[in-house]
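# Architecture and fold: a report
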Amino acid sequence: MNPIAEQYVAGLKKAYFENQGKESWDHFEKIKHGAAEENIRKLRELYPEIPEALIDLLKYVDGTYWREYNGEKIAFYFLGSDMEEYPYYLLSSGEIIENHDLAARYYKDYIEREYDEVDIDETITATVDGLKWLHFSDCMNNGGTSQLFIDFSPAEKGTTGQIVRFVHDPDEFSVIAGSFEDYLKMLMDKGYDFINEEYME
């Protein structure tokens, strides 16, 4: 496993244990499984620059967003963002493949700067032509409040692979990390603050 991904999962487990979540984590580990090789292959075809850290997380667990394992659907907090103490789910390989054009379909007007009141980072492209965003995470509010993307088609000032966070009301697109590994490091540095006893109830 990618060293950052391995370190991330180990730290996440510790955070669950320290916040009365041992039972939840143990059950999660018992029923989950990784993504099918066929889906991993499709992801690499769709996104040749997909980070190995994300591939390894998907090989560890193929999604935590109302994902069915052994006949049981789980909703398991696995990720966070720069938004303090706000949890996110990891989408499955199938959902990532299915959502490959989600950003272009839903956010075209925003990306092309049709609305002055929507704050969009200057490192984000201003055209959906050739847009390549990998949608890998939805927030705890079924993605209605916030979604996370890996941006493989940034503006000239941006970095290929940067992490874009969309948040709704007020709508905003921000770059929160320069790479997926930097994003995971940020969550670790923040002490997995999206895992707390409140969410273990």
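None of these values were measured; they are calculated from a predicted model.

Glancing now at the nonpolar core. Core analysis: the largest hydrophobic core is formed by 54 residues, its most contacted members being Tyr8, Phe78, Leu79, Phe136, Phe180 and Tyr183. When residues in this core are grouped by element, the largest group, 7 residues, is from helix H1 (residues 3-18). Phe136 has contacts with Leu54, Leu79, Tyr89, Leu90, Leu91, Ile96, Leu148, Phe149, Ile150, Ile163, Phe180 and Tyr183, leaving out every residue within four places of it along the chain. Counting 15 residues, the second-largest nonpolar core is a separate cluster that includes Ala103, Tyr110, Val128 and Phe149.

Across the 7 residues of strand S5 (residues 133-139), 7 count as buried, placing the element largely inside the fold. Summarising the sheet, strand S3 (residues 88-90) and S5 pair through 3 bridges and their orientation is antiparallel. Within the sheet, the bridge partner assigned to Tyr89 lies in S5 and is Asp138. Direction of pairing for S5 relative to strand S6 (residues 146-151): antiparallel, over a ladder of 5 bridges. Bridge pairing in S6 links Leu134 to Ile150.

For the coordinates displayed, the defined rule picks out 28 aromatic pairs. Where Tyr110 meets Tyr115, the ring centres are 5.5 Å apart and the plane angle is 75°; that geometry is what we call edge-to-face. Here Tyr110 falls in the buried class, since its relative accessible area comes to 19%. Among the aromatic side chains, those forming a connected cluster through ring pairs are Tyr8, Tyr16, Trp25, Phe28, Tyr60, Phe76, Phe78, Tyr192 and Phe194.

Rules of the game
Residues numbered from 1 in each chain as written. Predicted model: local features only at pLDDT ≥ 70, side-chain atom pairs only at ≥ 80, totals over all residues. Heavy atoms only, no water. Core = buried A, V, L, I, M, F, W, Y, C linked by side-chain atoms within 4.5 Å. Buried < 20%, exposed > 50% of the residue type's maximum accessible area, 1.4 Å probe, protein only. Helix = DSSP H or I, 4+ residues; strand = E, 2+ residues; numbered from the N terminus. Contact = heavy atoms within 4.5 Å. Pairing = 2+ DSSP bridges. Phe/Tyr/Trp six-rings, centres within 6.5 Å; stacked < 30°, edge-to-face > 60°.

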